[in-house]
Amino acid sequence: MKAIIADSGPQAIGFFMGGGGYFDGPLYITGGSAPGILGTPQAYSDVTIDAIPKSVASELVAGSAMALTQPDFARCRLLLYLGANPLISHGQATTHSNPTRLLRDVMAHSEVWVVDPRRTETATKATRHLVARPGSDYAILAYLIREILIEGADTDYIEQHTQDVGRLAEAVAPFDLSKAIRETGLGAEDLTGLLAAVRHTGRIAIDCGTGVSMSSTGGVVHWLALALMAITGSLDREGGVWFNPGFHTQARKLDIPSAPPEGFRGPGPASRPELSGWVGEYPVAAMADEIEAGTLRALINLSGGLVECVPDTKRTIDALDKLDVLATLDVVETATTRLSTHVLPVKGQFERMDASMCVDMIAPAVAMSFTDEVVPAPPGVRSGWWVLAQIGKRLGYDLAFGVDPDTTSDADYMARLIADCPTSLAELKEKGYVVAEPATFDWFLDRVAVFGGWRLAPQPLVDELAALKVDEKPLMMISRRLHPHFNSRINGSKEPGGIIMNADDAADAGLSDGVRAIVRSPYGSLEGIVRIDHTLTRGVMNVPHGFADINTNTLTSHEHVNTLTGMPTFSALPVTVVPAS
């Protein structure tokens, strides 16, 4: 790496924050600041293959990518899940340690509606399940906004806390009931029933999952969800949604400028000038191009499943193989570690102390959880932050906020990281979980007031909505998580992936449970075993993500991405399935 920096500068060094890095607080904090300290723009993470539309919409509407909504579960009367299955995923921009109990408690005082092409585990428990066409969630929200602005809007809230409501009304004007029916495939009673529920309860809490954010329409859906909550007076209000300032982040105290109307949208990499940088990162969809162009020569991978989770698997593997350095920090052998030039084993979750800094602003309370070391690490294995700090030290960079990794223990480093929190390491060790407050309201309204209130009609998203048209292909692949998996991380016994289909769709293709089949998309193909699933409706199928052997990323592309967000299309992707023979 010293030779690479001498030859090409630090901008040839890249970092990837993977799923494992998000479950290691000290590594997450250290790794997140490393690209800026080195002075390299080559920062990547799984955010841009998972949730970047949510961040982009938040920045354009609320002036900050930190504006991640949390349903007010204790007081809401109407909770709407779009493409979310928290009983399995435990949430995306929300985190639930016991989602089954949470949903049961919410339903004691609230209606819960689920929009999903599949009868998910969450949908089976809900008050109402709407089986909409994949990728059509935007039409539901646009219809609701159109009608609520006619009757049922919180006019006082709109006047005090929003801007551009007239432009929002113009943007959704075409979405009358007949258009919403055509776009979504829903019946009139489904749409009018949901509209009546919103008008009856007044406020609404909306939570969008990967079924939304991993589709090409994700940015528009997240914008319209925020807009609907704004016009019903639900943003930063009890009974609607709140914004967690973070026990560790303490965003209320940070003097962070609000983004301009176009957002803090940075230039994309030279190899993909049509893309943009968001939240201080390049989109993962550009990584292979940057490697092939010779711009990115070394990549430090902080526990990411690059082979298992990055689009266009073959091209990704070929590109990674061209790197001078692919150094992976991880705890188990994976398809990615086998491809790496250097594998740096780090302590696992039971072998080190940790605190919940990386999920700080998506936690269900302003709180921090803590765990101490449970079992000793194997000889020679060190913590992830220490490994990264040592790499920085030997390159001549301070990546550990002024501490010397040679003389600093994990406990000393943890105490330094939480020094500004409303707790101490001693209290965390004693209690395990420290709560500052369960939920907090109004602080984000003060932030948006600085620039005139929530921006209800960001021009890039208005333009995108006007151009949208639902793809009515006979078979669409939608995203899915399986219970023993978190992305490419296997938890417990391995539930098989495979080609999961509705029985009627399988029969139409001459397939049955247990036979081998080939899935083809416009960008690639894969082969696997068919599994019949009666929770899937006609016209939708799954190839769960995170598997190296039946890798859904072979069906995706670095080129077919949303040019605003840089998000590849993983869900609502047209496919065909044929017998392998």
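Everything quoted here is computed from the prediction, not taken from an experiment.

1. Focus on the overall build of the protein
For the protein, the helix and strand inventory stands at 23 helices and 27 strands. In terms of C-alpha radius of gyration, the protein reaches 23 Å, essentially the compact-globule figure of 25 Å for 581 residues. Look at the contacts in the protein between residues 6 or more apart in sequence, and 76% of them connect residues 24 or more apart. For the protein, the exposed surface amounts to about 21,900 Å²; the carbon and sulfur share of it is 53%.

2. Considerations on the environment of serine 89
Secondary-structure assignment places serine 89 in helix α4 (residues 86-89). Of the residues examined, serine 89 reaches a relative accessible area of 17% and is grouped as buried. Expressed as a C-alpha distance, the spacing of serine 89 and histidine 483, which sit 394 residues apart in the sequence, is 7.5 Å.

3. Here's the deal with the sheet that holds strand β16 (residues 366-371)
Remark on secondary structure: sheet strands pair via backbone hydrogen bonds, oriented parallel or antiparallel. One open sheet accounts for three strands, arranged β15-β16-β17; its pairing is antiparallel. The open sheet is flanked by β15 (354-355) and β17 (433-437), the only strands paired with a single partner. Where β15 and β16 come together, two bridges link them in antiparallel fashion. Across the sheet, aspartate 354 pairs through a bridge with threonine 371, a residue of β16.

4. Comments concerning the state of the cysteines
By definition, a disulfide links the sulfur atoms of two cysteine residues through a covalent bond. Taken as a whole, this structure holds zero disulfides when the rule is applied. In this structure cysteine 309 is a free cysteine whose sulfur lies 17 Å from that of cysteine 358, the closest cysteine sulfur available. Taking the relative accessible area as the measure of exposure, cysteine 309 reaches 17% and is therefore buried. Unpaired in terms of disulfides, cysteine 358 finds its nearest cysteine sulfur in cysteine 421, a separation of 13 Å. The exposure class of cysteine 358 is buried, given its relative accessible area of 15%.

5. Here's the deal with the packing of helix α7 (residues 137-150) against helix α10 (residues 177-184)
At a minimum axis distance of 8 Å, the contact between α7 and α10 shows a crossing angle of 165°. When the axes of α7 and α10 are compared, the pair comes out roughly antiparallel. As for the relative orientation of α7 and α10, their crossing is left-handed in sense. Across the interface between the two elements, Tyr138, Ala139, Ile140 and Tyr143 from α7 touch Leu177, Ala180, Glu183 and Thr184 from α10. Its residues assigned to classes, the contact of α7 with α10 comprises six nonpolar, one polar and one charged.

6. Description of the packing of aromatic side chains
Enumeration according to the criterion identifies eight aromatic pairs in this entry. Ring geometry for tyrosine 138 and phenylalanine 175: centres 6.2 Å apart, planes at 90°, overall edge-to-face. Of the two residues, tyrosine 138 is situated in helix α7 and phenylalanine 175 in the loop between α9 (165-172) and α10; the sequence distance between them amounts to 37 residues. Note on tyrosine 138: relative accessible area 1%, which makes it buried. Taking the relative accessible area as the measure of exposure, phenylalanine 175 reaches 4% and is therefore buried. Taken together through their ring pairs, the aromatic side chains of Phe243, Trp443, Phe444 and Trp454 make up a single cluster. Above the plane of the ring of tryptophan 386 lies arginine 382, whose end atom (NZ or CZ) is 4.0 Å from the centre.

7. Notes on the side chain of glutamine 390
Along the chain, glutamine 390 falls in helix α18 (residues 384-395). Residue classification places glutamine 390 among the buried residues on the basis of a relative accessible area of 5%.

8. Considerations on unusual backbone geometry
Even without being a glycine, aspartate 164 presents a positive backbone phi close to 65°. Along the chain, the position of aspartate 164 falls in the loop between β7 (162-163) and α9. Here aspartate 164 falls in the partly exposed class, since its relative accessible area comes to 29%. One non-glycine residue with positive phi stands out, namely alanine 572, at about 60°. Looking at the secondary structure, you find alanine 572 in the loop between β25 (540-542) and β26 (573-574).

9. Side note on the side chain of threonine 313
Position of threonine 313 relative to the elements: it lies in helix α16 (residues 313-320). Accessibility expressed as a relative area gives 8% for threonine 313, which makes it buried. A polar contact of 3.4 Å, which involves the side chain of threonine 313, links it to the side chain of asparagine 551. A polar side-chain atom of threonine 313 sits 3.3 Å from the main-chain amide nitrogen of threonine 554.

10. Considerations on the environment of threonine 124
Residue placement: threonine 124 occurs in helix α6 (residues 121-125). Here threonine 124 falls in the partly exposed class, since its relative accessible area comes to 40%. Put simply, threonine 124 and threonine 535 are 411 residues apart on the chain and 9.6 Å apart in space, counted from C-alpha to C-alpha. There is a polar contact of 2.7 Å between the side chain of threonine 124 and the backbone oxygen of glutamate 121.

11. Concerning helix α5 (residues 99-107)
Three or four residues apart is the spacing at which side chains of an α-helix point the same way, because the helix has 3.6 residues per turn. Of all the residues in α5, the buried ones are Pro99, Leu103 and Val106. All buried residues of α5 fall inside an arc of 65° around its axis, so they share one side. Structurally, α5 contributes buried residues whose contacts are with β4 (78-82), α4, β5 (111-115) and α6.

12. With respect to the packing of α7 against helix α13 (residues 218-231)
Relative to each other, α7 and α13 sit at 25°, their axes nearing to 9 Å. By the angle class used here, α7 and α13 are roughly parallel. In the crossing of α7 with α13, the sense of the turn from one axis to the other is left-handed. Contact residues: α7 offers Asp137, Tyr138, Leu141, Ala142, Leu144, Ile145, Ile148 and Leu149, while α13 offers Val220, Val221, Leu224, Ala225, Ala227, Leu228 and Ile231. Partitioning the contact of α7 with α13 into residue classes produces 14 nonpolar, no polar and one charged.

13. Comments concerning the nonpolar core
Judged by nonpolar contacts, the single largest core of 104 residues is most densely connected at Ile206, Trp223, Leu224 and Trp454. Counting residues in each nonpolar core, the second largest holds 44 residues, with Ala12, Tyr22, Val403 and Leu417 among its members.

What counts, and where the lines are drawn
Residues numbered from 1 in each chain as written. Predicted model: local features only at pLDDT ≥ 70, side-chain atom pairs only at ≥ 80, totals over all residues. Heavy atoms only, no water. Helix = DSSP H or I, 4+ residues; strand = E, 2+ residues; numbered from the N terminus. Rg over C-alpha atoms; globule rule 2.2 N^0.38 Å. Contact = heavy atoms within 4.5 Å. Areas by Shrake-Rupley, 256 points an atom, 1.4 Å probe, with all protein chains shown as cover. Buried < 20%, exposed > 50% of the residue type's maximum accessible area, 1.4 Å probe, protein only. Pairing = 2+ DSSP bridges. Disulfide = S-S within 2.5 Å. Axes fitted to C-alpha atoms, helices over the stretch in contact; angles between N-to-C directions. Parallel < 35°, antiparallel > 145°, perpendicular 65-115°, else oblique. Left-handed = near helix turned anticlockwise from the far one by under 90°. Nonpolar A, V, L, I, M, F, W, Y, C, P; charged D, E, K, R; others polar. Phe/Tyr/Trp six-rings, centres within 6.5 Å; stacked < 30°, edge-to-face > 60°. Lys NZ or Arg CZ within 6 Å of the ring centre and 35° of its normal. Polar contact = N/O pair within 3.5 Å; in protein donor to acceptor, adjacent residues only side chain to side chain. Arc of directions from axis to C-beta. Core = buried A, V, L, I, M, F, W, Y, C linked by side-chain atoms within 4.5 Å.

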